[in-house]
Amino acid sequence: HYTSEKSKVQVLDIIDAIGDGVPFCRDNLIKYASRFGKKNGMSKLDALKIMHYGVLLYHFAGFHTNNSDTYETF
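Since this is a predicted model, take the numbers as computed values, not measurements.

Visitor: Looking at this structure, I do not really get the overall build of the protein. What am I missing?
Guide: Helix and strand counts for the protein stand at three helices and zero strands. Traced from its N-terminal end to its C-terminal end, the protein shows the element sequence α-α-α. Expressed as a percentage of the 74 residues in the protein, the buried residues total 15%. Partitioning the intrachain contacts of the protein with sequence separation of at least 6 by distance along the chain shows that 42% fall at a separation of at least 24. Entry remark: accessible area of the protein is about 6,200 Å², with carbon and sulfur atoms responsible for 59%.

As structure tokens, this is what we get:
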């Protein structure tokens, strides 16, 4: 969602292309989770960002391509 009229390339695609997709998503997840409830109280937006970066982390870690029938439990 950070593109310009000239460039249609997503910044996150560039971050992933240089091999930093997983650490970038992990670090942002940590950032929003650690500030949750501290900055302007319990922010719905921060909760959504935690989930967003969690899904992106799942994707960039390659878990979405695992075709195994084995499931991990919590």
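Visitor: Just to check I follow, could you spell out helix α3 (residues 44-60) for this structure?
Guide: In this model, α3 (17 residues) spans 24 Å end to end at C-alpha, consistent with the 24 Å of a helix rising 1.5 Å per residue. Listed in full, the buried residues belonging to α3 are Asp46, Tyr53, Leu56 and Phe60. Seen along its axis, α3 keeps its buried residues to an arc of 85 degrees; they face one direction. Summarising the geometry of α3, the exposed residues directed more than 90 degrees from the buried face are Lys44, Met51 and Val55. Buried residues in α3 make contact with α1 (11-17) and α2 (21-35). A distance of 3.2 Å separates the backbone nitrogen of Leu45 from a side-chain oxygen at the start of α3, and that oxygen is part of Ser43. Positive phi appears at Gly62, one or two residues downstream of α3, with a value of about 85 degrees.

Visitor: Hey, could you run me through the nonpolar core in this one?
Guide: Here is a general trend for soluble globular proteins: nonpolar side chains tend to be buried in one another's company. Counting residues in hydrophobic clusters, the biggest one holds seven residues: Leu12, Ile15, Cys25, Tyr32, Tyr53, Leu56 and Phe60. Going through the elements one at a time, α1, α2 and α3 are the ones with two or more residues in this core. Counting residues per element, this core draws most heavily on α3, which supplies three residues. Residues in contact with Cys25, not counting those within four places in the same chain, are Tyr53, Leu56, Leu57 and Phe60.

Visitor: Can you help me understand α2 in this one?
Guide: The periodicity of an α-helix, 3.6 residues per turn, causes residues three or four places apart in sequence to face the same way. Here α2 spans 21 Å end to end across 15 residues, near enough to the 21 Å set by a 1.5 Å rise per residue. Every buried residue of α2 is accounted for by Gly21, Cys25, Asn28 and Tyr32. The buried residues of α2 occupy an angular sector of 65 degrees when projected down its axis, which confines them to one face. At its buried positions, α2 is contacted by α1 and α3. Backbone geometry just after α2 places Gly37 at a positive phi near 85 degrees.

About the criteria used
Throughout, a residue's number is its position along its own chain's written sequence, starting from 1. Confidence filtering applies because this is a predicted model: local features only for residues at pLDDT of at least 70, side-chain atom pairs given and counted only at 80 or more, and all residues used for totals across whole chains, interfaces and linings. Side-chain metrics in this entry use all non-hydrogen atoms of the structure; hydrogen atoms and water are not considered. Here a strand is any run of E in DSSP of at least two residues, a helix any run of H or I of at least four, and the numbering for each starts at the N terminus. We call a residue buried when its accessible area falls under 20% of the maximum for its residue type, exposed when it is over 50%, and partly exposed in between, using a 1.4 Å probe and counting protein chains only. Every residue pair with non-hydrogen atoms within 4.5 Å of one another is taken to be in contact. We get accessible surface area from the Shrake-Rupley algorithm with a probe of 1.4 Å; when it comes to residues, only the shown protein chains can shield them. Take the number of residues in a helix, subtract one, and multiply by 1.5 Å to get its expected span. Within this analysis, the arc is defined by the directions that extend from the helix axis to the C-beta atoms. Two N or O atoms count as a polar contact when they lie within 3.5 Å, although within protein this holds only if one can serve as hydrogen donor and the other as acceptor, and sequence-adjacent residues are included solely when both atoms are side-chain atoms. As used here, the term nonpolar core means buried Ala, Val, Leu, Ile, Met, Phe, Trp, Tyr and Cys residues forming a set that is joined through side-chain atoms within 4.5 Å.

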